[in-house]
Structure formats: structure tokens, C-alpha cells
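Residues per chain, in single letters:
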Amino acid sequence: MDISNLGPTLVLGGARSGKSTFAEKLVEATGSPMHYLATGRAFDEEMQERIALHQATRQGKGWTTHEEPLDLVGLLRRIDEPGRAVLIDCLTLWVTNLMMEERDMAAEFAALAAFLPEARSRLVFVSNEVGLGIVPENRMARDFRDHAGRLHQIVAEKSAEVYFVAAGLPLKMKG
Amino acid sequence: MDISNLGPTLVLGGARSGKSTFAEKLVEATGSPMHYLATGRAFDEEMQERIALHQATRQGKGWTTHEEPLDLVGLLRRIDEPGRAVLIDCLTLWVTNLMMEERDMAAEFAALAAFLPEARSRLVFVSNEVGLGIVPENRMARDFRDHAGRLHQIVAEKSAEVYFVAAGLPLKMKG
Amino acid sequence: MDISNLGPTLVLGGARSGKSTFAEKLVEATGSPMHYLATGRAFDEEMQERIALHQATRQGKGWTTHEEPLDLVGLLRRIDEPGRAVLIDCLTLWVTNLMMEERDMAAEFAALAAFLPEARSRLVFVSNEVGLGIVPENRMARDFRDHAGRLHQIVAEKSAEVYFVAAGLPLKMKG
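On a predicted model such as this, the values are computed, not experimentally measured, just so you know.

Student: Describe the relation of the copies chain A and chain B, and please don't skip the residues or the numbers.
Tutor: Note on the copies: chain A fits chain B at an RMSD of 0.0 Å, the axial shift is 0.0 Å, and the rotation between them is 120°. What we have between these two chains is a three-fold relation. It is Gly133(A) whose C-alpha, among those of chain A, lies nearest the rotation axis, at 2.5 Å.

The following block contains the structure:
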């Protein structure tokens, strides 16, 4: 797989759909030095342990892990290098973190959109599709799915490949 | 795109999936006089303003806008004319309005199903897929997604083309 | 359709997506003796009547109905026979029943996974995709969609064919 000069890959899927595993395989297949950018934050000890376990597993396979809940674009710029592959897991947690910090979502999304065509590393984004259920009664949840949906459209538009994953199976939507 | 003699088009998608934008592009590509049938009702001033803004944008591109929360089939019959394209946005808001007025859903859906094969204009329906989350605890929400699911099956069966849109990307399910 | 030597079929879809009707047609097209394995439990009279009605309809078309809320693998083994077709409707209700009885989910899923490659009958599984909405606030609902997602990955991996059904239309994900 050579996606270096084409643009990023976006892997969308539901909860426990196998989207992260599929994205990891995509990156491992590149044969490039692999960087993992985790946007999630551990809120308790159990989650810290789980994250540490995943990190150890990836480390054994040669991944370098970065953690960045908010400044996604800044970190992507800092580690951007030709021949590298970077897996971002996941966009929806980034959206959650930005909302909790009351950031300007449109500005953050625009900054990411501006970076994508300049990126020299191979970027693979993972994100949760969350807009296919009933309209949530909770206002925050409605805003969240609106932001996530907008971000997916933005990243998909700049991506060379977009996959929708269900039951561990990828469906190519673009590319 | 010539869908005039084949039957309607159904565009399904989640919240902020880009389904309406995709449907508008489909209609604009026909080169036909364009009619927009809005089924939504403005419940407050903010929503009225947003609707007015969208309407002004469409008007500048040559669209004629109609608003009809309940008598969808009646309005479709009144504006039905060969060579015209009609975008109906959206079926799920129509279902919501029918439920709030306690209409006979089966009868309403049957009336639409009966009209579709007779329609002379090019019809493009937009609707929200809402059945792919957890079963809602709220009875009304469960009924809503049952009605929406049944209506989607009815319209899809009579349609020439069905698309599923995610992240702004259309996936052809039929046609 | 000859899926006898290839492995099971998994039919995923949302609420009222037409997934069960599609799965029934798949089984009826095999021309094999047809067995229906219902995992749902009737909790009230209305549901009992609805189930009895469906059963009578299937019986008229030559189906034999079995009801088993928990011991899915045991029943599948008992009725397993070359040349037979078995429709399991549905996996998500089985997951619900297992959770209510506090069974060891991983052990149950492993037992099903072990049986699938040995099955001599043609198996068609129906299941609800429930992971594409907002993260549920309810812990039990979150666990449920995690279990369902894991089970879908397991069954899909062992399946010859996987379909995603929306608006009554099947989309082939595998096979």
C-alpha cells in the first residue's frame, strides 16, 4: 500500500466494529516507521492500565506512542516526516476533548483541514460513526454528533481513501 | 442523470452525513426546474432564521421552495409535472409530524407508495437512518424508528436508486 | 445459492431494516428443509400472539420453529444435519438473554466460534447493528453494544458471506 502521495486514510466504524484493528493493519502493511497518536485521556486507574497494556503490545510491534488530547494538529506537525506512518485513534475522542475545553471547533477543524494536504507522513485516522441512531435528548450529545459529522466530511473530502468498518469488515467508500 | 422514467431516488444517511448536500447536487445535475419540499417546522426564531437563510441560498440557485409538514402526498400531486425535479427533505421529519398529529401511519405510507409509480416529476427523497443505535428506552422513540424503518423499505422498494451517505460519500445500495 | 461447504452467512442491519425478511429469502432460496431458531422470549401476551402469528406464517411455508433463549450452541448441535438450513433470529436477543442470566460471554462466544467451522447445516445468522449511535449513558447498554460488536466480529470472521441490510437492501460486505 502506498498512500504517501495521495492523502490520508479515514477509517470510520461503530463501537467494537474492529475499526482500530483494521487501521493498525493498514499502517503495519506500509512497512514504514509507525507512530500511534492517542487522543484519549485516562480518567481512572482501570483505563490507565488498559491504555498501558495496549501501548506495551504496540511497542513490541515497533510502534512509537504519543498522547495528545487537544493539540492534534500541533503534534501531527511536530512528528510529520516523509516515510513515516501515523495512526490517529481517534477523531471522536479529540472532538470530545475539544468540547470539554470549550474550544472553537470550526477553527480547530479548519487547522486540521489546512494541514492534511501538506502532510508528508502517511496519516490514518480512526473515528466513530455516531449519527445513525435516534436524535439524542441530551443537547451536548446532539452537538457532539453534529461536530463529529462535520469533521468526518472535512477529513473524508481531503482523504485518498475512506473505509466504513462493520463486524471487522472494511467497506471502501472512497479511493 | 436521467431518472425521470425509472422511479424516485432515496438518499439515506446519518446526522451531518452530507446527505442533503448530496441530494441537492443530484437534483442540480438534472438541469430540470428544481422544487424543494421542506417537511420541517420551525419551532423557534433561531430555526426560522436558519430556514430562511437556506431558502435564500437555494432561491439564488433557482429553487422554488414549498413547506408542507403533513400532506406530503397532496403537495407532491399538486406540483407533479414532467421535466420537474422535486427534492423532499426529509422523510423522517414527515414521520415526526405525522406522529405528533396521531395520523394513521400505515394509511399515509400507503398513499405515498401508491403515488410513487405514477409520479411524472423526478423525485429525490432525503431521510435519516436512525435504526443503528441502541434500542431507545423511550417508547415514542422506538415507535419512531419502527415507522421510519418501514417507510424506508417502502420508498426503497419503489425507487430506482438508493444511496447511503456517510462522511459526505455516497454508497449506492440500488440502481 | 450453495453455501453448505463454505461457512455461515451473517445478516446485519438496523431496526426495521428488512434484515429478517432478507435472511428468510436467502434460506428459502436454498431449497433445503428450513429450521427457524428464535432466540427471543415473549414477555407479555401481545408478544406471545405476535410470535405465534409469525410462527404460523413460517409453518405454512414449511419451516420448523425452535425456541432457545440461552443454549444456542447446544440446540444448533442437536439439529445440525447436512442439507438442512437453519436461520438464527437473532444474535442480539441471544446476547441480551445471556447478559440477563449473567453468563460468561467470552465462553459462550468461544463455544459458538468453535462450532461454526464444524457445522454441517447451512447457517444464516441475523443480528442488529447497534453500535452506530451516540455512546449510551446507561452502563448495561454500553456493555451490550460491546458484546454485540465483539460477537459480530467473531461470527463475521467465520462466515462465508456477510450482508449489511438497510431499507430492505442488502450490501455485501464479505463473500
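So much for the structure itself; the text now carries on.
Student: Explain the interface of chain A and chain B residue by residue, including any values.
Tutor: Many authors give the size of an interface as the accessible area that is lost as the parts come together. Contact with chain A, which involves 18 residues of that partner, is made by 22 residues of chain B. For the chain A and chain B pair, buried surface summed over both sides reaches about 1,600 Å², with 68% attributable to carbon and sulfur atoms. Of all residues in chain A, Leu132(A), Ile134(A) and Met173(A) give up the largest surface area on contact with chain B, accounting jointly for 42% of the area buried on that side. For the interface between chain A and chain B, the tally reads one salt bridge. Here Asp146(A) and Arg16(B) are joined by a salt bridge, their closest N and O atoms 3.3 Å apart. Here chain A and chain B share six residue pairs in polar contact (both at pLDDT 80 or more) between them. Listing elements by their share of the side of chain A that touches chain B, those giving two or more residues are helix H6 (139-158) and strand S7 (169-174) of chain A. Broken down by element, the side of chain A that touches chain B gets its largest block of residues, seven residues, from H6(A). Classifying every residue of the side of chain A that touches chain B by side-chain character gives seven nonpolar, five polar and six charged.

Student: Describe the UniProt feature "active site" (unreviewed entry) in chain A, and please don't skip the residues or the numbers.
Tutor: All names here are of chain A. Taking the numbering used here, the UniProt-annotated feature "active site" (unreviewed entry) corresponds to His54. Tracing the chain through its elements places histidine 54 in helix H2 (residues 45-60). By relative accessible area, which is 47% here, histidine 54 ends up partly exposed.

Student: With reference to specific residues and values, describe the side chain of Asp89(C).
Tutor: Counting through the fold element by element, Asp89(C) comes out in strand S4 (residues 85-89). Ignoring any residue separated from it by four or fewer positions in sequence, one finds Asp89(C) in contact with Ser20(C), Tyr36(C), Leu37(C), Ala38(C), Thr39(C) and Val126(C).

Student: Lay out unusual backbone geometry with the relevant residues and their values.
Tutor: Cys90(A) follows Asp89(A) through a cis peptide bond whose omega is 5°. Along the chain, the position of Cys90(A) falls in the loop between strand S4 (85-89) and helix H4 (91-100). For Ala167(B), which is not a glycine, the phi torsion comes out positive at approximately 50°. In this structure, Ala167(B) sits in the loop between strand S6 (161-166) and strand S7 (169-174). Note on Ala167(B): relative accessible area 5%, which makes it buried.

Student: Talk me through the pairing of strand S1 (residues 9-13) of chain B; I want residue IDs and the actual numbers.
Tutor: Residues and elements named next belong to chain B. Here S1 lies mainly inside the structure; five of its five residues are buried. What you see with S1 is no split at all: Thr9, Val11 and Gly13 on one side and Leu10 and Leu12 on the other are buried throughout. Pairing of S1 with strand S5 (residues 122-128), which is carried by five bridges, proceeds in the parallel orientation. Counted as the bridge partner of threonine 9 is valine 124 from S5.

Student: Any details on the sheet that holds strand S2 (residues 34-38) of chain B? Residues and values, ideally.
Tutor: Residues and elements named next belong to chain B. Read from one edge to the other, the open sheet built from seven strands follows the order S3-S2-S4-S5-S1-S6-S7, with strand pairing classed as mixed. Strand pairing shows two members of the sheet lacking a second neighbour, strand S3 (63-67) and S7, which therefore form its edges. The average angle at which neighbouring strand axes cross in this sheet is 20°, direction not considered. Direction of pairing for S1 relative to S6: parallel, over a ladder of five bridges. Residue pairing across strands places leucine 12 opposite phenylalanine 164, the latter belonging to S6. Across the sheet, helix H2 (residues 45-60) is in contact with S2 and S3; its angle to S3 comes to roughly 150°. Relative to the sheet, helix H4 (residues 91-100) contacts S1 and S5, its axis offset from that of S5 by approximately 70°.

Cut-offs applied
- The written sequence of each chain sets the order in which its residues are numbered from 1.
- Written order determines the labels here, with chains lettered from A and ligands numbered from 1.
- Under the rules for a predicted model, residues below a pLDDT of 70 receive no local features and side-chain atom pairs below 80 are neither given nor counted, while totals for whole chains, interfaces and linings still include all residues.
- Values reported for side chains reflect all heavy atoms of the structure, with hydrogen atoms and water molecules removed beforehand.
- For the least-squares superposition of copies, only C-alpha atoms count, and only for residues with pLDDT at least 70 in both.
- We call two residues in contact when some of their heavy atoms are within 4.5 Å.
- Joining two parts hides part of their accessible area as seen by a 1.4 Å probe, and the buried area is that hidden amount summed over both.
- Basic side-chain nitrogens of Lys or Arg form a salt bridge, by our definition, when they fall within 4 Å of a carboxyl oxygen of Asp or Glu.
- Residues adjacent in sequence count toward polar contacts only when both atoms are side-chain atoms; beyond that, a polar contact is any pair of N or O atoms within 3.5 Å, and within protein one must be able to donate a hydrogen and the other to accept it.
- Helix and strand definitions here come from DSSP, where helices need a minimum of 4 consecutive H or I residues and strands a minimum of 2 consecutive E residues; each element is numbered from the N-terminal end.
- Here the nonpolar group is Ala, Val, Leu, Ile, Met, Phe, Trp, Tyr, Cys and Pro; Asp, Glu, Lys and Arg are the charged ones; every other residue, Gly included, is treated as polar.
- UniProt positions are given in the numbering used here, feature names are shortened, and annotations may be inferred rather than shown by experiment.
- We call a residue buried when its accessible area falls under 20% of the maximum for its residue type, exposed when it is over 50%, and partly exposed in between, using a 1.4 Å probe and counting protein chains only.
- Strand pairing is assigned whenever DSSP identifies at least 2 bridges connecting the two strands.
- The axes used here are C-alpha line fits, helices contributing only the stretch in contact, and every angle between their N-to-C directions lies in the interval 0 to 180 degrees.

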